[in-house]
Amino acid sequence: MSAQATAVQEPRTTAPARKARPRYLRFALGKVFSLLVTLFIASLAVFFSRFLVPGDPARFLLRGRSPKPEALAEITHQFGLDKPAWEQYLNWLGGILHGDWGRSLTYRQDVSDVLLNRLPTTLQLVALAAVFITLLGLLAGIIASLNKGFGDRFILVTLTAAGAVPPFVAAIALVALFAVQLGWFPSFGSGDGFLDRVWHLTLPALALGITYIAFVARVTRSSMNEQLVREHVEVATSRGLTRSSVVFRHVLRNALGPILTVSGVMIAGLLVSSAIIEQTFGLTGIGQLLVQSIDRLDFGVVQAIVMVVVTAFVVVNTVVDLLQPLIDPRIAAGTETR
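Now for a quick tour of the structure. All values reported here derive from a predicted model rather than from experimental measurement.

### Notes on the overall build of the chain
When helices and strands are tallied, the chain shows 13 helices and 0 strands. Listed by position from the N terminus, the elements making up the chain come as α-α-α-α-α-α-α-α-α-α-α-α-α. Going through the 338 residues of the chain one by one, you find that 40% of them count as buried. Taking the intrachain contacts of the chain between residues at least 6 apart in sequence as the baseline, contacts between residues at least 24 apart amount to 74%. Counting only carbon and sulfur atoms, one obtains 67% of the accessible surface of the chain, whose full area is about 18,800 Å².

Structure representation (structure tokens):
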């Protein structure tokens, strides 16, 4: 009899999960399709914007000299600048898909090699800044939400002030205090080895992420305050659950949706903001390379860096969208309408 009851009850418990899987699959496929369309449109904008910039890359290669028409034509042909714009785009896009980003006009080597020499520094800087943003932002927001009164106001005022500080100003202040006066951290270079690199990148990562830390903390505080007054939290508290259990299982978990969205967008945007910080701290990353390449009209490198940044931004946001239904079952139940 019990076996029959189990057999009858089993479809009832698994049916919602079975229905959710196709919905989530359609949702995920839609997000991936949107990602591909966005990247295609971005590639068109990135490539054809080159034709709006004044200046001839071939003449730049000659460093201001007055070339003979034959020499100018040879350089133009060598870099494929004599082909129609649509053919240049197809060749460029096909090369990207095969790992060939073209040749740098400045460095006279493959763009992929130029990027690979600079990309690790930027990725390490962004990763460390993302850790600071996530940990410090969540911690400050949680403390502010759970400590009403003076503690909440003090943290809120501090966050407002920190959020108004531009990254380059934060960089100067951090260097003056922690590098010059206290001597705790170096103010230049990226270091060698894992620990030495983390030590060198601590100040740049804090300067890069200080505005984002403040914003994530404010979003965390607001989202948790909204959850703290929900009925299910009051019920959990009345049942005698510990405060930590209520906070982490019922408040923070349900508050993670907007926090995750904001954090994902900001962390993806760190690649764009890294240029100023890399210049300030003398880091040889793609942010510094982008500024130099724009100044030198090195279109191949500029296009490659912009595509890398756009791709990272779109991919991170897509991953965040795909993770949200897994964190919040309410979103998973309605993914077909999102």
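### Considerations on a nonpolar patch on the surface
Together, Phe33, Val37, Phe40 and Ile41 give the surface a local cluster of nonpolar side chains, amounting to about 400 Å² of exposed area. Locating Phe40 in the fold gives a position in helix H1 (residues 2-48).

### A word on the nonpolar core
The biggest cluster of nonpolar side chains holds 41 residues, and the ones touching the most others in it are Trp92, Leu115, Ala207, Leu270, Ile277, Phe281 and Ile305. Contributing elements (two or more residues each) for this core: H1, helix H4 (85-97), helix H5 (111-146), helix H7 (167-181), helix H8 (194-228), helix H10 (243-281), helix H11 (286-295) and helix H12 (299-327). Looking at this core, the element that brings in the most residues is H5, giving 9 residues. What Ala207 contacts, discounting residues up to four positions off in sequence, is Pro167, Ala170, Ala171, Leu174, Ile277 and Phe281. Of all hydrophobic cores here, the second largest spans 9 residues; its members include Ile142, Met224, Leu252 and Ile259.

### Thoughts on the packing of aromatic side chains
Overall, the coordinates contain 7 aromatic pairs when judged by the stated rule. Ring plane angle 85° and centroid distance 5.3 Å describe the contact between Phe47 and Phe48, whose orientation is recorded as edge-to-face. Phe47 sits in the buried class, given a relative accessible area of 2%. Ring centres 6.2 Å apart and planes at 45° place the aromatic pair Tyr89 and Trp92 in the tilted group. Of this pair, Tyr89 and Trp92 both sit in helix H4, 3 residues apart, which is roughly one turn of that helix. You'll find Tyr89 and Trp92 in the same group, each marked buried. The rings of Phe47, Phe48, Tyr89 and Trp92 are connected pair by pair, giving a single aromatic cluster.

### With respect to H8
Three or four residues apart is the spacing at which side chains of an α-helix point the same way, because the helix has 3.6 residues per turn. Under the 1.5 Å per step criterion, the end-to-end length of H8 is only 41 Å for 35 residues, more than 12% shorter than the ideal 51 Å. At Gly209, H8 is deflected by roughly 50°, the largest bend along its length.

### Considering the side chain of Glu278
Locating Glu278 in the fold gives a position in helix H10. Salt bridges are absent for the buried Glu278, whose nearest opposite-charge side chain, Arg118, sits at 6.5 Å. Only 2.8 Å separates the side chain of Glu278 from the backbone nitrogen of Gln288, close enough to count as a polar contact.

### Brief notes about the packing of H7 against H8
Close contact between H7 and H8 brings their axes to 8 Å; oriented N to C, the two are set at 145°. Pair H7 / H8 crosses with right-handed handedness. Taking contact as the criterion, the partners of Pro167, Ala170, Ala171, Leu174, Val175, Phe178 and Ala179 in H7 are, on H8, Leu203, Leu206, Ala207 and Ile210. Residues of the contact of H7 with H8, tallied by class, amount to 11 nonpolar, no polar and no charged.

### Notes on H5
Compared with an ideal rise of 1.5 Å per residue, which puts 36 residues at 52 Å, H5 spans 50 Å between its outermost C-alpha atoms and is within 8% of the ideal. At Arg118, H5 shows its largest bend, some 35°, and a proline, Pro120, comes one to four positions later.

### Comments concerning the side chain of Ser223
Inspection of the secondary structure assignment puts Ser223 in helix H8. Under the relative-accessibility criterion, Ser223 is labelled buried at 7%. Excluding its chain neighbours within four sequence positions, the residues that come into contact with Ser223 are Ala255, Pro258 and Ile259.

Conventions we followed
- Residues numbered from 1 in each chain as written.
- Predicted model: local features only at pLDDT ≥ 70, side-chain atom pairs only at ≥ 80, totals over all residues.
- Heavy atoms only, no water.
- Helix = DSSP H or I, 4+ residues; strand = E, 2+ residues; numbered from the N terminus.
- Buried < 20%, exposed > 50% of the residue type's maximum accessible area, 1.4 Å probe, protein only.
- Contact = heavy atoms within 4.5 Å.
- Areas by Shrake-Rupley, 256 points an atom, 1.4 Å probe, with all protein chains shown as cover.
- Patch = residues over 30% accessible without salt bridge, like charges linked within 9 Å, V, L, I, M, F, W, Y side chains within 5 Å.
- Salt bridge = Lys/Arg side-chain N within 4 Å of Asp/Glu carboxyl O.
- Core = buried A, V, L, I, M, F, W, Y, C linked by side-chain atoms within 4.5 Å.
- Phe/Tyr/Trp six-rings, centres within 6.5 Å; stacked < 30°, edge-to-face > 60°.
- Expected span 1.5 Å × (residues − 1).
- Bend = angle between axes of the 7 residues up to and from the residue.
- Lys, Arg positive; Asp, Glu negative; His and termini not counted.
- Polar contact = N/O pair within 3.5 Å; in protein donor to acceptor, adjacent residues only side chain to side chain.
- Axes fitted to C-alpha atoms, helices over the stretch in contact; angles between N-to-C directions.
- Left-handed = near helix turned anticlockwise from the far one by under 90°.
- Nonpolar A, V, L, I, M, F, W, Y, C, P; charged D, E, K, R; others polar.

Purely geometric stuff here, so don't read any function into it on its own.
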